[in-house]
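Examination of the molecular architecture
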Amino acid sequence: MTADPAPVLWRNARLLPCDGHTARLDAAALITRGARLEWVGRERDLPATLRAQCQEVHDLNAAWVTPGLIDCHTHLVFAGTRAYEYVQRLRGISYEEIARQGGGILNTVRDTRLASEPELFDQSAPRLAALCAEGVTTVEIKSGYGLTLADEARLLRVARRLGEAFGVRVQTCLLAAHALPPEFTGRGADYLDTIVHDWLPRLHGEGLVDSVDIFVENIGFSADDAVILFEAASRLGLGVKMHAEQLSNIGGSQVAARFHALSCDHLEYATPEDAAALAKSGTVAVLLPVAYYGLRETRAPPITAFRAACTRMAVATDCNPGSAPGASLLLAMSMATRFFGLTPEEVLLGVTCHAAHALGLSGAAGALVPGAAADFVVWAVREPEELGYWVGLNPARAVIRSGRLAAGHLA
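We now turn to the structure provided with this report. (Residues numbered from 1 in each chain as written. Predicted model: local features only at pLDDT ≥ 70, side-chain atom pairs only at ≥ 80, totals over all residues. Heavy atoms only, no water.)

Section: the overall build of the protein
Condition: Under the DSSP-based scheme used, a helix requires at least four consecutive residues in state H or I and a strand at least two consecutive residues in state E, with every element numbered from the N terminus. Classification of residues uses two cut-offs on accessible area relative to the type maximum, computed with a 1.4 Å probe and protein chains only: under 20% is buried, over 50% is exposed, and between them is partly exposed. Residue contacts are counted whenever heavy atoms from the two residues lie within 4.5 Å of one another. This count recognises Lys and Arg as positive and Asp and Glu as negative, with His and chain-terminal groups excluded. Taken as the charge centre is NZ of Lys, CZ of Arg, CG of Asp or CD of Glu, depending on the residue.
Summing up its helical and strand segments, the protein has 15 helices and 15 strands in all. Split into buried and exposed, the 411 residues of the protein put 57% on the buried side. Considering only contacts within the protein whose residues lie at least 6 apart along the sequence, 70% involve residues at least 24 apart. Put simply, the protein has 36 plus and 45 minus side-chain charges, and the middle of one group is 4 Å from the middle of the other.

So, in C-alpha cells, the structure goes:
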C-alpha cells in the first residue's frame, strides 16, 4: 500500500478564497496533502496537531493568493491563422459576411485538416504555455475545426495530450456543430444526424468528450438543432453548452436554460428574459471580451440584467484564430472590466468559481476550500484589484499545481 502524502503548510498568506462566501482572509494559511487542499483558514485557527504534521513549510510573505485560474472557453487546438481576415475586417467586411463567402471557420478547418497530429500539438502548445504562465490551471479546449469524425477525434486527442504534457486539467468539449462542412453543403439535417447518431457516441465511448457545444446563430445552427443535440448528449450523461446571441438572437439562451446547460457563451444580444432564464436554470453566462474586441462589436452583453437576475458570470479568452486571436486570460479580465463594466471582484469570480461551474467542476476547482484541487497562484501585487488592471504585465509570482510549484518562485 502507498502511504498517504505528508501535509504541506503554506503560511503567512492573504487569501481570496473565491468560494462565493468569503471575501478575503488575512494572516491565513493553506494545508495541502498531495494534489488536494486539506485545510484553509486564518493561521491562528490552524489545529496544532495538524501543524505538527507539516514537515514542509512555505512562508508566502503576506502575498495575495487566489485559486488557480480557469479559462472555461477556448478553441486552442487549431492550425494556421486568419490574419488576412483580420485585415478584411479592418477594411469594413463583417465577420458574418466573411463566413458567408466561405471563409471564417471553414478557413481554419481547411488548415487544420492538413496538419498532422504532432503539428497540431506543436502549434497549440505555445498558446497553452502562455495561459499556464499566467496562473491558469484548468482550461476547456473545444474541437470544431475538423468537422469529420477522424479530424474531430484528432483535435480532442491533442487536447488530452496537451493536458498531460503541461500538467493542467483539460476539459474537452465536442463542438462538431460549429459550422456546416463542405461535404454536407445543403444537408444540414444530415450533418446533425451524423453527429448525434455516429460521432458523439463513438467519441464519448473513446473517453474523448467531457461536454458538448453548438454554435446557435444565423450563420450556424438553429435553436431546434440544439434541442436535438442536447437530447442526445443528455442521454449519454454529458453536460451541454452553447454559443448563443453573439450576432443576433434566435432563441438559443432559452433552449440552453431549458436543458440546464453548463454555460451559454457570448450573449451580446441576450435579453433580460434570457438573463432570468439562465439564472433560474443555473446556467453560467460566459463573457468573451476578446472576441468583442476582435470583431469591433458595439453591443455589449446585458451586464445589468445579469446582475439583476443574479446570473453567474464567467470570463474566458475564447482563444481562436478568427475572432479572438489571443492567449491571455489576464488581458480578457482587463477587457471585461473596461468594455463590460465588471468589477474586479466579479472578474475574479468569473475566472475562478463561476468558471468552474461553467465546466461542471464546482467544489473540485476554482475555490480555496478543503477537498478542492491544490491549484493556486501567489501574486506579486499590492492589492487584488491589480488583477485585471495590468496590460502586458504578468504579476503571477508562483503557480502551484496539484500541490507542487509548477512555475515561478516562492521566495
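Here's the deal with the sheet that holds strand β3 (residues 36-42)
Heads up, the rule is: Paired strands, as defined in this entry, are two strands with at least two bridges between them according to DSSP. Here the axes come from fitting lines to C-alpha atoms, over the contacting stretch only for helices, and the angles between their N-to-C directions go from 0 to 180 degrees.
If you walk across this open sheet you meet the 7 strands as β3-β2-β1-β4-β13-β14-β15, and the pairing is mixed. Strand pairing shows two members of the sheet lacking a second neighbour, β3 and β15 (404-408), which therefore form its edges. Taken pair by pair, the neighbouring strands of this sheet meet at an average axis angle of 35 degrees, ignoring direction. Inspection of the sheet shows strand β4 (residues 56-67) paired to strand β13 (residues 376-379) by 4 bridges, in the antiparallel sense. The residue of β13 that forms the bridge with Pro-67 is Phe-376.

Let's talk about helix α2 (residues 83-90)
What sets the pattern is the α-helix's 3.6 residues per turn: residues three or four places apart point alike. Going by this rule: As used here, the arc is the angular range of directions from the helix axis to the C-beta atoms.
The set of residues buried in α2 consists of Glu-85, Gln-88 and Arg-89. Looking straight down α2, one finds its buried side chains confined to an arc of 95 degrees; they lie on one side. Contacts made by the buried residues of α2 are with α3 (95-100), α4 (105-114) and α11 (289-294). Immediately beyond the C-terminal end of α2, within one or two residues, lies Gly-92, with a positive phi of roughly 100 degrees.

Topic: the nonpolar core
Cut-off, in case you're wondering: Only buried residues count toward a nonpolar core, which is a set of Ala, Val, Leu, Ile, Met, Phe, Trp, Tyr and Cys residues joined through side-chain atoms within 4.5 Å.
Core analysis: the biggest nonpolar cluster contains 115 residues, and Cys-72, Val-77, Leu-162, Leu-203, Ile-214, Met-242 and Phe-306 have the highest contact counts within it. Those residues in contact with Cys-72 that lie beyond four places of it in its chain are Glu-140, Lys-241, Val-286, Ala-314, Ala-316, Ala-355, Ala-358 and Leu-359. One finds Trp-10, Ala-13, Ala-28 and Ile-400 within the second-largest nonpolar core, a separate group that totals 20 residues.

Let's talk about the packing of aromatic side chains
Put simply, the rule is: For this analysis, a ring pair means two rings from Phe, Tyr or Trp (six-membered ring only for Trp) whose centres lie within 6.5 Å, classed as stacked if their planes differ by under 30 degrees, edge-to-face if by over 60, and tilted for the remaining angles. Two thresholds decide whether a charge sits over a ring: the Lys NZ or Arg CZ must be within 6 Å of the ring centre and within 35 degrees of the ring normal.
The tally for this structure, following the rule as stated, stands at 10 aromatic pairs. Note on Trp-10 and Phe-376: the rings are 5.2 Å apart at their centroids and 85 degrees apart in plane angle, and the pair reads as edge-to-face. Placement of the pair is Trp-10 in strand β1 (residues 7-15) and Phe-376 in strand β13, with a sequence separation of 366 residues. A single burial state applies to Trp-10 and to Phe-376, both of which are buried. Relative to Tyr-145, the ring of Phe-78 has its centre 6.2 Å away and its plane inclined at 75 degrees; by these criteria the two rings are edge-to-face. Placement of Phe-78 in the loop between β5 (69-71) and α2 and of Tyr-145 in the loop between β6 (136-142) and α6 (149-166) is noted, with a sequence separation of 67 residues between them. An aromatic cluster of three or more residues is present, and its members are Phe-184, Tyr-191, Trp-199 and Phe-221. Sitting above the plane of the Phe-78 ring, Arg-127 keeps its charged end 3.6 Å from the centroid. Sitting over the ring of Phe-121, Arg-161 keeps its end group 4.4 Å from the ring centre.

Notes on helix α7 (residues 188-205)
What counts, and what does not: In this analysis, the expected span of each helix is defined as 1.5 Å times one less than the number of residues it contains. To get the bend at a residue, fit one axis to the 7 residues ending there and another to the 7 starting there, then take the angle between the axes.
Look at α7: 24 Å from first C-alpha to last across 18 residues, which is about the 26 Å you get at 1.5 Å a residue. At Ile-195, α7 shows its strongest bend, of approximately 40 degrees. When α7 is considered as a whole, its buried residues turn out to be Tyr-191, Leu-192, Ile-195, Val-196, Trp-199, Leu-200 and Leu-203. In this fold, the buried residues of α7 make contact with α6, β7 (169-177), β8 (211-216) and α8 (223-235). Immediately downstream of α7, the backbone of Gly-207 shows phi near 75 degrees, a positive value.

Looking at the pattern of salt bridges
Note the following rule: A pair is scored as a salt bridge if a Lys or Arg side-chain nitrogen falls within 4 Å of a carboxyl oxygen belonging to Asp or Glu.
In total, this model carries 16 salt bridges according to the counting rule given. Note that Lys-241 and Glu-140 form a salt bridge whose closest N and O atoms lie 2.8 Å from each other. With Lys-241 in strand β9 (residues 239-244) and Glu-140 in strand β6, this pair connects stretches of sequence that are 101 residues apart. For Lys-241, a relative accessible area of 0% translates into the label buried. Note that Arg-187 and Asp-190 form a salt bridge whose closest N and O atoms lie 3.3 Å from each other. The exposure class of Arg-187 is partly exposed, given its relative accessible area of 36%. Taken together, the salt bridges that share partners define one network made up of Arg-113, Asp-151, Arg-154 and Glu-183.

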